[in-house]
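Residues per chain, in single letters:
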Amino acid sequence: MDEISKHHCVSLVPIFQNLDETQAQSIEAIVNHHHYEAGEFLYQQGEPINELSIIASGQAKVIQTTADGKEQLLYLLQAGDINGEAALISKLTHTSAAKVLVPTTVCSINRNEFQKLLLTTPQLSVNVLDVLGNRLSNLEEHTTSTNTEHVDVRLASYLEDTAASIGENPFTLPITQADLASMLGTTPETISRIFAKWEKQSFIERESRRKLKIIDLDSVI
């Protein structure tokens with residue numbers, strides 16, 4: 001992995017903002033690079049969290065397995081998202097699993113290496129606390145938007161984010177309509193009706209049930 005790529009990964013994450021050049025280079029020196037194919041797991045439920053993961057490109061779904069063995073979709077990880085930041089402070093285990101949906105590049109930082117930097121970089125410690133606080137606020141905002149924001153808007157935002165994450169248009173939806181509906185707090189029938197409406201309005205074109213092209217969703221968002 002070249003230095004430009006490492007810099008790109010570090011620049012994606014709020015934890016590493018407001019650091020001087022020397023401090024940023026210290027972070028870049030401990031970044032590791034991994035590539036995953038669709039169907040592989042970034043981590044499994046119950047495994048220890050030993051690193052901070054940065055999604056450089058691609059998409060993964062975070063899932064939990066219920067007591068009766070069913071898979072429940074919690075949320076998606078896309079380019080720019082981070083995972084495992086809480087474990088940088090204390091030892092934790094994954095309460096969910098992350099399954100890769102499309103070819104995905106991940107930058108990771110080992111927990112022990114990161115903690116050494118926390119001892120010498122006070123600004124980094126402050127940033128971690130800020131990001132953890134923002135994560136809680138974002139979860140509250142997500143709950144609010146799920147309850148109040150129209151499904152059309154949430155679906156359009158998802159499509160735009162996914163096309164950007166995959167880097168293609170047209171593109172194939174990496175999750176089923178059932179998972180998509182579950183994530184957006186609606187039903188598969190509602191998703192189908194919205195897609196049909198958008199096709200008539202020439203907002204999207206569909207080649208198949210899951211492959212589509214975004215024409216113009218700005219008016220929806």
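Residue numbers here run from 1 along each chain, matching the order of that chain's written sequence. Two thresholds apply to this predicted model, a pLDDT of at least 70 for residue-level local features and 80 or more for giving and counting side-chain atom pairs, whereas whole-chain, interface and lining totals are computed over all residues. The basis for every side-chain value is the complete set of non-hydrogen atoms in the structure, without hydrogens or water.

Under an unreviewed UniProt entry, the name given to the chain is Transcriptional regulator, Crp/Fnr family, and the source organism is Lentilactobacillus kosonis.

A. Layout of the sheet that holds strand E8 (residues 204-206). DSSP calls a pair of strands paired once it identifies at least 2 bridges connecting them. Numbering of helices and strands runs from the N terminus, with a helix taken as a DSSP run of H or I at least four residues long and a strand as a DSSP run of E at least two residues long. Pairing is antiparallel in the open sheet, where three strands are placed in the order E7-E9-E8. The outermost strands of the open sheet, each flanked by one partner alone, are strand E7 (171-172) and E8. Sheet topology places E8 next to strand E9 (residues 211-214); three bridges connect them, and they run antiparallel. Considered in E9, the bridge of Glu205 is made with Lys213.

B. The pattern of salt bridges, seen in detail. Note on definitions: salt bridges are taken to be side-chain nitrogens of Lys or Arg within 4 Å of carboxyl oxygens of Asp or Glu. Within the structure shown, the criterion is met by five salt bridges. With its nearest N and O atoms 3.5 Å apart, the salt bridge here joins Asp179 to Lys61. Highlighted residues: Asp179 in helix H6 (residues 177-184) and Lys61 in strand E3 (residues 51-65), separated in sequence by 118 residues. For Lys61, a relative accessible area of 10% corresponds to the buried category. The partner of Glu207 in a salt bridge is Lys211, and the shortest N-O contact between them spans 3.8 Å. Taking the relative accessible area as the measure of exposure, Lys211 reaches 31% and is therefore partly exposed. A single network of salt bridges, built from pairs that share partners, joins Lys61, Glu71 and Asp179. Any residue under 20% of the maximum accessible area for its type is buried, any over 50% is exposed, and the rest in between are partly exposed; the area is computed with a 1.4 Å probe on protein chains only.

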